Amino acid sequence: YHKFFTIEDEKEYSKMKYYQLYKVFETADFFYLYIDKTHALLLDKTKFKKNNPSEFLDFIKRKCWWCYKKVK
């Protein structure tokens, strides 16, 4: 997943390249990956497999440095 990530549910499967993200921001509890102005994927920090969102934070900041923002 170095160049893209996948989005899937019971009906669809698609790939999206990181540079296509509209905006990425972080709050105390979630990461928000905006696909466009009105649609976002919310990643709950407590649901990471290793329960360590800091590794994901480092990764997404490198991939989306132009659109990453931390919200207080």
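Residues numbered from 1 in each chain as written. Predicted model: local features only at pLDDT ≥ 70, side-chain atom pairs only at ≥ 80, totals over all residues. Heavy atoms only, no water.

J.: When you look at the pattern of salt bridges in this model, what are you seeing that I'm missing?
T.: As a working rule, side chains carrying opposite charge can pair if their charged atoms are close by. This structure, assessed with the given rule, holds one salt bridge. A salt bridge links lysine 45 to glutamate 26, with the shortest nitrogen-to-oxygen separation between them at 2.6 Å. Placement of lysine 45 in the loop between β5 (40-44) and α1 (53-63) and of glutamate 26 in strand β3 (residues 23-26) is noted, with a sequence separation of 19 residues between them. Judged by its relative accessible area of 12%, lysine 45 falls in the buried class. (Salt bridge = Lys/Arg side-chain N within 4 Å of Asp/Glu carboxyl O. Helix = DSSP H or I, 4+ residues; strand = E, 2+ residues; numbered from the N terminus. Buried < 20%, exposed > 50% of the residue type's maximum accessible area, 1.4 Å probe, protein only.)

J.: Where do I start with α1 in this structure?
T.: Since one α-helical turn is 3.6 residues long, residues separated by three or four positions face the same way. Taken together, the buried positions of α1 are occupied by Pro53, Phe56, Leu57, Phe59 and Ile60. At its buried positions, α1 is contacted by β3, β4 (30-34), β5 and β6 (68-70). (Contact = heavy atoms within 4.5 Å.)

J.: Help me out: how do you make sense of the environment of aspartate 29 in this one?
T.: Among the secondary structure elements, aspartate 29 is positioned in the loop between β3 and β4. A sequence separation of 17 residues divides aspartate 29 from glutamate 12, and the C-alpha atoms of the two residues are 27 Å apart. Setting aside residues up to four positions removed in sequence, aspartate 29 forms contacts with Leu43, Asp44 and Lys45.

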